[in-house]
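Examination of the molecular architecture
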Amino acid sequence: MYTQMVDVEAAGAASDEQRRFDEKLDRGVTIEPKDWMPEAYRKTLVRQISQHAHSEIVGMLPEGNWITRAPSLERKLILLAKVQDEAGHGLYLYSAAETLGVARDELTEALLSGRAKYSSIFNYPTLTWADVGAIGWLVDGAAIINQIPLTRCSYGPYARAMTRICKEESFHQRQGFDVMVKLCAGTAPQKAMAQDALDRWWWPAVMMFGPPDSASPNSEQSMHWKIKLFSNDELRQRFIDQTAPQADALGLVIPDCELRWNEARGHYDFGAVDWDEFYRVVRGDGPCNRDRLRARVDAWEEGAWVREAALAHAEKRTRRA
Amino acid sequence: MPKNARAVRDWPLWEIFIRSDHGLAHKHVGSLHAADATMALQNARDVYTRRNEGTSIWVVRAADITASVPAERGAFFDPAEDKVYRHPTFFTVPEGVKHL
Ligand SMILES: [Fe+2]
Ligand SMILES: [Fe+2]
């Protein structure tokens with residue numbers, strides 16, 4: 001299959017290289033860093049992988065907020081390990097992006113200057129302990145559904161990073177669900193806290209799969225390149241189908257009065273998503289956008305002397321050696 | 001852009017190789033930035049072995065690795081292409097002969 005290339009450069013060079021690249025995609029051979037690739041493929045990957053990396057890093061903030069206040073030492077340790085994993089995920093992904101010829105510096109700068117996007121889910125606040133449960137259960141749950149197909153994506157370093165990440169995500173989802181299980185088995189106020197968290201996180205989690213297919217213009221090209229293997233709506237449906245019975249098991253009610261099993265489709269039907277809210281948050285007007293960015297900028301600035309000192313120390317030792 | 005952000009160059013890039021305890025060789029697992037080799041080892045431990053994935057780590061500056069050129073793959077590996085007799089299956093073993 002040959003798709004019209006969007007960039008002039010590649011179209012002009014409908015060359016041997018282009019043909020070899022297309023052939024590899026068709027045969028399911030991974031593209032590796034030094035292989036020839038269309039410029040638009042490279043750019044799309046840089047954008048996608050770095051956004052993904054930023055999301056892992058910014059994603060540490062809402063949960064980090066609860067590390068010191070987790071209800072037991074065990075919960076504290078678990079949450080600490082979970083948040084540390086997210087830092088690791090960010091690092092695997094930044095490394096994968098760097099194989100495409102961008103510097104870490106540039107990626108950091110894009111995030112701190114507000115130019116780069118990250119998953120809009122992390123612009124919502126974590127108001128109670130139950131939010132930590134809801135994030136693990138729903139947000140990490142949605143991430144798993146998004147990420148498992150990417151372990152088979154066409155770009156080798158990205159696919160390999162995703163394989164590592166997916167192995168670790170199951171722990172994240174389980175620990176979150178476990179928080180919800182305990183709250184739901186607790187006192188009435190504890191259960192109400194769990195329900196309240198579900199009420200606030202449900203729709204943002206459903207939005208994590210991105211705009212509906214009808215409003216997702218780049219999807220087709222990405223699917224041809226095999227850096228997206230299922231459409232946004234397909235993945236969203238999968239998430240809802242998996243999660244609805246889990247909410248039933250908890251005895252919680254998903255805040256969607258149109259949610260019901262459709263025997264004929266073999267899927268859950270669900271209500272309309274408020275895409276205005278989604279775009280508002282993506283554009284920067286979510287409840288915590290400014291806070292999140294501020295926290296990243298502060299961390300970067302306050303760490304500047306450490307980065308500088310470490311480099312100076314290493315250079316001094318090299319000179320003396 | 002916040003102040004200081006560009007004041008310091010990136011720490012150098014290191015490629016990380018890890019050996020698990022199943023008798024396998026060191027395997028490339030990814031890369032990271034660190035100011036020096038000691039820090040690269042410590043960071044590699046934290047980034048790549050949080051779940052006992054390894055019993056030994058090698059770190060190598062990415063700049064010190066020489067790699068074959070993908071575009072020359074054909075010619076470069078050509079000498080191995082036409083020597084099928086290097087594989088034992090090239091030879092037919094007479095019926096009934098064992099332990100070959
Ligand atoms: Fe993650
Ligand atoms: Fe996670």
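Along each chain, the written sequence defines residue order, and numbers are assigned to residues from 1. To label them, take the chains in the order written and letter them from A, then take the ligands in the order written and number them from 1. Local features in this predicted model are restricted to residues of pLDDT 70 or higher, and side-chain atom pairs are both shown and tallied only at a pLDDT of 80 or more, whereas totals for entire chains, interfaces and linings draw on every residue. As a rule here, side-chain values come from all non-hydrogen atoms in the structure, and water together with hydrogens is ignored.

1. Brief notes about the coordination of the iron ion (ligand 2)
All names here are of chain A.
- With water omitted from the atoms examined, metal sites may look incomplete; donors here are N, O and S atoms no farther than 2.8 Å from the metal, or 3.2 Å in the case of Na, K and Ca. Bound to the iron ion (ligand 2) are the protein donor atoms Glu86 (OE), Asp140 (OD), Glu169 (OE) and His172 (ND1), situated 2.0 to 2.2 Å from the metal.
- Coordination geometry of the iron ion (ligand 2): the four donor atoms subtend angles of 85 to 169° at the metal centre, consistent with an arrangement described as irregular.
- Donor residues for the iron ion (ligand 2) sit on one chain with the sequence pattern E-x53-D-x28-E-x2-H.
- A spacing of 3.3 Å is found between the iron ion (ligand 2) and the iron ion (ligand 1), which share glutamate 86 as a donor. Note that glutamate 86 is positioned in helix H5 (residues 73-98) and aspartate 140 in helix H7 (residues 129-147), a separation of 54 residues in sequence. The same class applies to glutamate 86 as to aspartate 140, namely buried. When four donors show all angles between 85 and 135 degrees the site is tetrahedral, when four or six donors have opposite pairs over 155 degrees and all other angles between 65 and 115 it is square planar or octahedral respectively, and in every other case it is irregular. Helix and strand definitions follow DSSP, with helices as H or I runs of at least four residues and strands as E runs of at least two, each counted in order from the N terminus. Exposure is judged per residue with a 1.4 Å probe applied to protein chains only, and the accessible area is read against the type maximum: over 50% gives exposed, under 20% gives buried, and values in between give partly exposed.

2. Some details on the interface of chain A and chain B
- Residue contacts are defined here by distance: any two heavy atoms, one from each residue, within 4.5 Å place the two residues in contact. The interface of chain A with chain B comprises 31 residues on the first partner and 27 residues on the second.
- When two components associate, each loses some accessible surface as probed by a 1.4 Å sphere; the sum of these losses over both components is called the buried area. Buried area between chain A and chain B, both sides added, is near 2600 Å², and the carbon and sulfur share of it is 52%.
- Per-residue buried area on chain A facing chain B is highest for A:Asp105, A:Arg164 and A:Leu311; these three make up 21% of the total on that side.
- Whenever a carboxyl oxygen of Asp or Glu lies within 4 Å of a side-chain nitrogen of Lys or Arg, that contact is scored as a salt bridge. Taken together, the connections running from chain A to chain B amount to five salt bridges.
- Its salt-bridge partner being B:Arg50, residue A:Glu168 comes within 2.9 Å of it at the nearest N-O pair.
- Counting residues per element, the ones that place at least two in the side of chain A that touches chain B are H5, helix H6 (104-112), helix H8 (156-184), helix H13 (289-302) and helix H14 (304-320) of chain A.

3. Notes on the coordination of the iron ion (ligand 1)
- Every protein donor of the iron ion (ligand 1) is listed here as A:Glu56 (OE), A:Glu86 (OE), A:His89 (ND1) and A:Glu169 (OE), and their distances to the metal cover 2.1 to 2.3 Å.
- Classification of the site at the iron ion (ligand 1) rests on its four donor atoms, whose angles at the metal span 80 to 150°, yielding the label irregular.

4. Overview of the packing of aromatic side chains
- In summary, the pairing rule links any two rings of Phe, Tyr or Trp, Trp by its six-membered ring, whose centres are within 6.5 Å, and it sorts them by plane angle into stacked for under 30 degrees, edge-to-face for over 60 and tilted for everything else. Overall, the coordinates contain 15 aromatic pairs over all chains when judged by the stated rule.
- Taken together, a centroid distance of 5.1 Å and an interplanar angle of 90° make the contact between B:Phe76 and B:Phe77 edge-to-face.
- Take B:Phe76: its relative accessible area is 52%, and that puts it in the exposed class.
- Residue B:Phe77 is classed as partly exposed on the basis of its relative accessible area, which comes to 46%.
- Between B:Tyr85 and B:Phe90, the ring centres sit 6.3 Å apart and the planes meet at 75°, which makes this aromatic pair edge-to-face.
- Given a relative accessible area of 46%, B:Phe90 falls into the partly exposed group.
- Connected via pairs of aromatic rings, a cluster forms that spans A:Phe21, A:Trp36, A:Tyr41 and A:Trp225.

5. Some details on the pattern of salt bridges
- Under the criterion given, the structure shown has 23 salt bridges over all chains.
- The partner of B:Arg50 in a salt bridge is A:Asp85, with the nearest N and O atoms 2.7 Å apart. Here A:Asp85 lies in helix H5 and B:Arg50 lies in the loop between helix H1 (37-48) and strand S3 (56-61), a pairing that spans two chains.
- The exposure class of A:Asp85 is buried, given its relative accessible area of 2%.
- Measuring nitrogen to oxygen at the nearest pair gives 3.3 Å for the salt bridge that ties A:Glu168 to B:Arg51. In this pair, A:Glu168 is assigned in helix H8 and B:Arg51 in the loop between H1 and S3, connecting two distinct chains.
- By relative accessible area, which is 3% here, A:Glu168 ends up buried.
- Counted as one network, the salt bridges with shared partners bring together A:Glu63, A:Lys82, A:Glu86 and A:Asp140.

Spatial relationships are all this shows, so hold off on functional conclusions.
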